[in-house]
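# Summary of structural features
Listed below, chain by chain, are the residues.
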Amino acid sequence: MSGPHYILLPVSPLFIGFSLFCAFLLNLLPWGGLIGAPDFVALVLVFWGLHQPRKVGIGVAFFMGLLMDVHDATLIGENALAYTLLSYFAIMIHRRVLWFPVMTQALHVFPLLLLTQAIQMIIRFLISGKFPGWLYFIESAVSILLWPIVTWILLAPQRRAVDRDHTRPI
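Residues numbered from 1 in each chain as written. Predicted model: local features only at pLDDT ≥ 70, side-chain atom pairs only at ≥ 80, totals over all residues. Heavy atoms only, no water.

## Remarks on the nonpolar core
Of all hydrophobic cores here, the largest spans 33 residues; its most connected members are Val-41, Leu-45, Trp-48, Tyr-83 and Trp-147. Contributing elements (two or more residues each) for this core: α1 (13–28), α2 (40–51), α3 (58–72), α4 (78–97), α5 (102–128) and α6 (138–159). The element contributing the most residues to this core is α2, with 10 residues. Beyond its immediate stretch of four places on either side in the chain, Trp-48 contacts Val-11, Phe-15, Ile-16, Ser-19, Pro-53, Val-56, Leu-154 and Gln-158. (Core = buried A, V, L, I, M, F, W, Y, C linked by side-chain atoms within 4.5 Å. Buried < 20%, exposed > 50% of the residue type's maximum accessible area, 1.4 Å probe, protein only. Helix = DSSP H or I, 4+ residues; strand = E, 2+ residues; numbered from the N terminus. Contact = heavy atoms within 4.5 Å.)

Have a look at this one:
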C-alpha cells in the first residue's frame, strides 16, 4: 500500500465552485497562448468528473466550455463540445479509475485530455485550415504531470477530521 488512506468527508459544493472559478482564472492568465500551458479548466473538470460525477456533470462542463469560448474568442461551442465529451468520458470511467493510485489515474486521464485537445484542434482546422503542429499536444502531457498536485490540492479539504482524536487510526 502506498501512503495513508483516508475516509474522505463530503465535498462542499462551494469548494467545487471555487475550484472551477480558480481554474478559470488560471486559464485567463496570459500564458494561455504558450505551447505546453495546461488547460486548468479541463483538468479540474476531469478531476470532479471522476470524484464527484453527480455534482459536476455534463451541464457544468458545457457552461465552463462556453465561458472558455467567450474568453478565447473562438467559435462558440468549440470548448463546450470538448469539455462536454471530456466530462462524459470521465463520468463513464470514474468507478474504475478511482481504484488506482494517483499516477495510474493520470495514465487513464491522459487519453481524455488528448481527446479534448484533438476535438479543439479538429474544429480549429475545419474553420481556419491551419494545423497547429504536433507540439500542440504537449499541453496534455504537462497536465498529466500536474495531476498528482491537483489531486492533492482538491482532496485536501475532504481529508481533515471534523473532531481530531489522536488515538483514532483513521
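Don't stop here, the text continues.
## Some points on α3
Helix length check: α3 (15 residues) gives 20 Å between terminal C-alpha atoms against 21 Å at 1.5 Å per residue, within 8%. Listed as buried for α3 are Ala-61, Met-64, Gly-65, Met-68 and Asp-69. For α3, the arc enclosing every buried residue in end-on projection is 150°, short of the 170-degree limit, so these residues lie on one face. Exposed side chains of α3 directed beyond 90 degrees from the buried face belong to Gly-59 and Val-70. Directly beyond the C-terminal end of α3, a positive phi value near 55° is found at Ala-73. (Expected span 1.5 Å × (residues − 1). Arc of directions from axis to C-beta.)

## Notes on the packing of α4 against α5
Where α4 meets α5, the closest approach of the two axes is 9 Å, and the angle between their N-to-C directions is 160°. Accordingly, the angle class assigned to the pair α4 and α5 is roughly antiparallel. Remark: the crossing between α4 and α5 carries right-handed chirality. For the pair formed by α4 and α5, the contact residues are Glu-78, Asn-79, Leu-81, Ala-82, Tyr-83, Leu-85, Leu-86, Phe-89, Ala-90, Ile-93 and Val-97 on the first element and Gln-105, His-108, Leu-112, Leu-113, Leu-115, Thr-116, Ile-119, Gln-120, Ile-123 and Arg-124 on the second. A breakdown of the residues in the contact of α4 with α5 according to their chemical character gives 14 nonpolar, 5 polar and 2 charged. (Axes fitted to C-alpha atoms, helices over the stretch in contact; angles between N-to-C directions. Parallel < 35°, antiparallel > 145°, perpendicular 65-115°, else oblique. Left-handed = near helix turned anticlockwise from the far one by under 90°. Nonpolar A, V, L, I, M, F, W, Y, C, P; charged D, E, K, R; others polar.)

## What about α4?
Helix length check: α4 (20 residues) gives 27 Å between terminal C-alpha atoms against 28 Å at 1.5 Å per residue, within 8%. Maximal helix bending in α4 amounts to about 35°, located at Ile-91. Looking at the buried positions of α4, the neighbouring elements they touch are α1, α2, α3 and α5. (Bend = angle between axes of the 7 residues up to and from the residue.)

## Regarding the pattern of salt bridges
Tallying each qualifying case throughout the model produces 1 salt bridge. Across the pair Arg-124 and Glu-78 runs a salt bridge, and its minimum N-O distance is 2.7 Å. Of this pair, Arg-124 sits in helix α5 while Glu-78 sits in helix α4, placing them 46 residues apart in sequence. (Salt bridge = Lys/Arg side-chain N within 4 Å of Asp/Glu carboxyl O.)

## Focus: a nonpolar patch on the surface
Judged by side-chain polarity, Leu-75, Ile-122, Phe-125, Leu-126, Ile-127, Phe-131 and Trp-134 come together as a nonpolar surface patch covering roughly 820 Å² of accessible area. Position of Leu-126 relative to the elements: it lies in helix α5. (Patch = residues over 30% accessible without salt bridge, like charges linked within 9 Å, V, L, I, M, F, W, Y side chains within 5 Å. Areas by Shrake-Rupley, 256 points an atom, 1.4 Å probe, with all protein chains shown as cover.)

## So, the packing of aromatic side chains
Counted by the stated rule, this structure contains 7 aromatic pairs. Judged by centre distance (5.5 Å) and plane angle (80°), the ring pair of Tyr-136 and Phe-137 falls under edge-to-face. For Tyr-136, a relative accessible area of 16% translates into the label buried. Here Phe-137 falls in the buried class, since its relative accessible area comes to 17%. Grouped by ring-pair contacts, the aromatic residues Phe-15, Phe-47, Trp-48 and Trp-147 constitute a single cluster. (Phe/Tyr/Trp six-rings, centres within 6.5 Å; stacked < 30°, edge-to-face > 60°.)

## Here we look at the environment of Gly-49
For Gly-49, the position within the fold is in helix α2. Residue class for Gly-49 comes out buried when judged on its relative accessible area of 0%. Each C-alpha atom of the pair Gly-49 and Met-92 lies 8.9 Å from the other, and the pair is 43 residues apart in sequence. Not counting residues within four places of it along the chain, the set of residues in contact with Gly-49 comprises Val-56, Ala-90, Ile-91 and His-94.

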